[in-house]
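# A look at the structure
Now for the letters of each chain:
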Amino acid sequence: MCFCCVGFGSGEPMDCIPPEIVSHAGSHTAPHSGSHGHGGSHSSSGGSTLLGYIGIDTIIEQMRKKTMKTGFDFNIMVVGHSGLGKSTLVNTLFKSQVSRRSAGWARDEKIPKTVEIKAVSHVIEEGGVKMKLTVVDTPGFGDQINNDNCWEPISKYINEQYEKFLKEEVNITRKKRIPDTRVHCCLYFISPTGHSLRQLDTEFMKRLSHSVNIIPVIAKADTLTIEERQEFKQRVRKELEMSGIEFYPQKEFDDDMEDKSDNDKIREAMPFAVVGSDKEYQVNGKRVLGRKTAWGIVEVENPNHCEFAQLRDFLIRSHLQDLKEVTHNIHYETYRAKRLNENGGLHPISSAETQESNL
């Protein structure tokens, strides 16, 4: 897994790195006029003829260097009732101890009586790329006898992060780089019942799908056979469609035919049936992440055993930047337009008021 293979942005224009930038990260050398091998003029289709080397092709390298210095943010929320392996899966995704369990939480801790929000941030680095990863956990969700409106604290938290960002934007004196605490992705864990979605699952995704990018996953997929897993996935997709729930990537956000083709394949494969584990075992002379059972080792990164590898590639290696852009350009803009329309525009606020609102 290489974070250099995706552009981690913060919602600001400079953070959006085209694929061609990162593909040359670390090995791209800006050419010089003295060593440029094209003797005559050159032109592009529909463009002006250049009578010599200018150096506009170094813009990509300039952008890459600047964004590398700035660093990247990514905020992921995990939702589902206890015992589904949320913390373990996140640790497995990023191959680090980034879940709330690594922040001093005791394993014998009692289940909260109401939904709580716990955010843990870590800076992780790979290939010279630093990323501030924030994992937002929701202990207590779906664990009570009466789960009426248990999604409200989560919805409130998501909107509070949009509000913080909005208040920073309308300040007269704005920060050069606004801290981005907005939730870019919500992994929703579905119990591997093999039957159907719970009413709570449907209600949660229906109510929050328009304010955050929801990615449904079937947890602990090793409890299902291959046939049961496929039938359950098809049943879940059908129920989501009948309920009018759109999960990420939404069809209306496909930019072109290439995106549509790639995203259609992803939508047909979702929800991903996954297994998480931070333990290694010896299999055929290799150390692999897996879960040990009475009949053998379930290899987490083996596509024949589960779909963890597909989820990781989709979430981190191909769509992480798009998750951030959809959050900023769609969900946040929808919230911003609503707030400004309600108030007739927000008045600029002082830094003292901003600090007070964050307490």
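Cut-offs applied
- Residues numbered from 1 in each chain as written.
- Predicted model: local features only at pLDDT ≥ 70, side-chain atom pairs only at ≥ 80, totals over all residues.
- Heavy atoms only, no water.
- pLDDT = per-residue confidence, 0-100.
- Helix = DSSP H or I, 4+ residues; strand = E, 2+ residues; numbered from the N terminus.
- Contact = heavy atoms within 4.5 Å.
- Pairing = 2+ DSSP bridges.
- Axes fitted to C-alpha atoms, helices over the stretch in contact; angles between N-to-C directions.
- 1 Å grid on protein atoms, 1.4 Å probe; cavity = no way out; pocket = protein on both sides within 12 Å on 5 of 7 lines; lining within 4 Å.
- Points joined across faces, edges and corners; volume = space filled by probe spheres on them.
- Nonpolar A, V, L, I, M, F, W, Y, C, P; charged D, E, K, R; others polar.
- Polar contact = N/O pair within 3.5 Å; in protein donor to acceptor, adjacent residues only side chain to side chain.
- Expected span 1.5 Å × (residues − 1).
- Buried < 20%, exposed > 50% of the residue type's maximum accessible area, 1.4 Å probe, protein only.
- Arc of directions from axis to C-beta.

## A few points about the confidence of the model for the protein chain
Close inspection of predicted coordinates is inappropriate for parts of the model with low pLDDT. Across the protein chain, the average pLDDT comes to 81, with 78% of residues at 70 or higher. Of all the helices and strands in the protein chain, helix H1 (residues 19-22) carries the lowest mean pLDDT, 42, while strand E4 (residues 185-190) carries the highest, 97. In the predicted structure, residues 1-44 sits below a pLDDT of 50 and forms 91 contacts with residues beyond four places in sequence or in another chain. Throughout residues 349-359 the model reports pLDDT below 50, and contacts reaching past four residues in sequence, or to other chains, amount to 9 contacts.

## With respect to the sheet that holds strand E6 (residues 272-273)
Strand order in the open sheet formed by 6 strands is E2-E3-E1-E4-E5-E6, with mixed pairing between adjacent strands. Two strands in the sheet have a free side with no partner beyond their single neighbour: strand E2 (118-126) and E6. Where strand E5 (residues 214-218) and E6 come together, 2 bridges link them in parallel fashion. Counterpart to valine 217 in the pairing with E6 is phenylalanine 272.

## Quick look at the sheet that holds strand E8 (residues 286-293)
In any sheet, the strands associate via hydrogen bonds between backbone groups, in a parallel or an antiparallel arrangement. Across the sheet, 3 strands lie side by side as E7-E8-E9; this open sheet has antiparallel pairing. If you trace the sheet from one side to the other, it starts and ends with strand E7 (280-283) and strand E9 (296-299), each paired once. Geometrically, the sheet is characterised by an average inter-axis angle of 70° between neighbouring strands, direction not taken into account. Bridge count for E8 against E9 is 4 bridges, and the pairing is antiparallel. Looking at the pairing, arginine 291 lines up with valine 298 of E9.

## What to know about empty space enclosed by the protein
Summed over all chains, the structure comprises 2 cavities of 30 Å³ or more. Estimated volume of the second largest cavity: approximately 30 Å³. Residues belonging to the lining of the second largest cavity are distributed by class as follows: 4 nonpolar, 2 polar and 2 charged.

## Some remarks on the side chain of asparagine 147
Tracing the backbone through its elements, the reader meets asparagine 147 in the loop between strand E3 (129-137) and helix H4 (152-169). There is a polar contact of 2.8 Å between the side chain of asparagine 147 and the backbone oxygen of glutamine 144. Beyond its immediate sequence surroundings of up to four residues, asparagine 147 is in contact with Gly142 and Leu200.

## Describing helix H6 (residues 226-242)
Between its terminal C-alpha atoms H6 stretches 25 Å, which fits the 24 Å expected from 17 residues at 1.5 Å a residue. Every buried residue belonging to H6 is among Arg229, Phe232, Lys233, Val236, Glu239 and Leu240, and all of these are buried. In an axial view of H6, the angular spread of the buried residues amounts to 130°, which keeps them on one side of the axis. Exposed residues lying more than 90 degrees from the buried face of H6 are Glu227, Lys238, Glu241 and Met242. Those residues of H6 that are buried are in contact with E4, helix H5 (199-208), E5, helix H7 (257-269) and E6. One or two positions beyond H6, positive phi appears at glycine 244, with a value near 70°.

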